[in-house]
Amino acid sequence: LYSSYNVLMDIHEDYFMDSAIIATFIMLGRYLEAKAKGRAGAAIKKLLELSAKVAHKVIGRNATKDVLIDQVEKGDLLLVKPGEKIPVDGVIAEGTATIDESMVNGESIPIDKKKGDAVIGATINGNTAFRMKAEKVGKETMLAQMVKLVEQAQMSKAPIQRLVDVISSYFVWAVLVIAV
């Protein structure tokens, strides 16, 4: 407003450049924040793609029925075939397995598991079949917890960002008071 007044009154002091620079910095900051949130959203999508879509529910002694992951309940006995993703978190009930848990722990060497050992959903079974008891399903699984943590990190502000917001709110008013 002051610069517009100066132009209208033919005063040769205007500050349009300063306003443009400030607006540019604000828009650049918002663009970078939106880009970072977009990347976090893509990370969540990739995490969700890691999970198995179907589980082989054991019915009786030797029969299995393919069910969607949403239909698996705690206590269900599941068959995990060689090369498949483990459908949910649980414990090996019968057999042994070599499981690639690199998506969880970053270790490139598969881990040998036996009866009673815990297995994590979305990790990959090696070359043997085994039966497992489902213990954590749905939002309780480790993969679901990882997705939840990424979402929380995406929505929350860093402590330094909160501090900067508080300081800038006082700074703006202080500058306006000094300017007047």
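Before reading on, note that the structure itself is shown above.
The rules we used
- The numbering scheme is per chain: residues are counted from 1 as the chain's sequence reads.
- In keeping with the model being predicted, local features are shown solely for residues with a pLDDT of at least 70 and side-chain atom pairs are shown and tallied solely at 80 or more, while totals for entire chains, interfaces and linings include all residues.
- Only hydrogens and water are set aside; all other atoms, that is, all heavy atoms of the structure, feed into the side-chain values.
- As used here, the term nonpolar core means buried Ala, Val, Leu, Ile, Met, Phe, Trp, Tyr and Cys residues forming a set that is joined through side-chain atoms within 4.5 Å.
- Residue exposure (1.4 Å probe, protein chains only): buried if accessible area is under 20% of the type maximum, exposed if over 50%, otherwise partly exposed.
- Put simply, DSSP H or I for four residues or longer makes a helix, DSSP E for two residues or longer makes a strand, and each gets a number counted from the N terminus.
- What makes two residues a contact is simply this: any of their non-hydrogen atoms within 4.5 Å.
- What a helix is expected to span follows from its residue count: subtract one and scale by 1.5 Å.
- To obtain the arc, one takes the directions from the helix axis to the C-beta atoms.
- Following DSSP output, two strands are said to pair if at least two bridges run between them.

### Focus: the nonpolar core
Okay, step 1: Counting residues in each nonpolar core, the largest one holds 17 residues, and the members touching the most others are Val72, Leu78, Ile86, Val88, Phe130 and Met132.
Okay, step 2: Counting residues per element, this core draws most heavily on strand β9 (residues 130–136), at three residues.
Okay, step 3: Dropping the residues within four chain positions of it, Ile86 is found in contact with Ala52, Val80, Ile99, Val119, Ile120, Gly121, Ala122, Thr123, Phe130 and Met132.
Okay, step 4: Counting five residues, the second-largest nonpolar core is a separate cluster that includes Ile44, Leu47, Leu143 and Val147.

### Examining helix α2 (residues 16–49)
Because the α-helix completes a turn every 3.6 residues, residues three or four places apart line up on one side.
Okay, step 1: Between its first and last C-alpha atoms α2 spans 49 Å; for 34 residues at 1.5 Å apiece the expected length is 50 Å, and the two agree.
Okay, step 2: What α2 keeps buried is the set Ala40, Ile44 and Leu47.
Okay, step 3: Next to the buried residues of α2 lie α4 (142–155).

### What to know about α4
Okay, step 1: With 14 residues, α4 extends 20 Å between its outermost C-alpha atoms, agreeing within 8% with the 20 Å of an ideal straight helix rising 1.5 Å per residue.
Okay, step 2: Residues Leu143, Val147 and Gln154 constitute the buried set of α4. All buried residues of α4 lie within an arc of 40° about the axis, which places them on one face of the element. Set apart from the buried face of α4 by more than 90 degrees, the exposed residues are Leu149, Ala153 and Met155.
Okay, step 3: Elements in contact with the buried residues of α4: α2 and α3 (102–105).

### A closer look at the sheet that holds strand β2 (residues 63–68)
Okay, step 1: Across the sheet, six strands lie side by side as β2-β1-β3-β9-β4-β7; this open sheet has antiparallel pairing. Sheet topology places β2 and β7 (118–119) at the edges, where each strand pairs with a single neighbour.

### A word on the side chain of Asp76
Okay, step 1: Here Asp76 lies in the loop between β2 and β3 (77–80).
Okay, step 2: When its relative accessible area of 11% is taken as the criterion, Asp76 is described as buried.
Okay, step 3: Leave out the neighbours within four places in its chain, and Asp76 touches Lys57, Gln71, Met132, Lys133 and Ala134.

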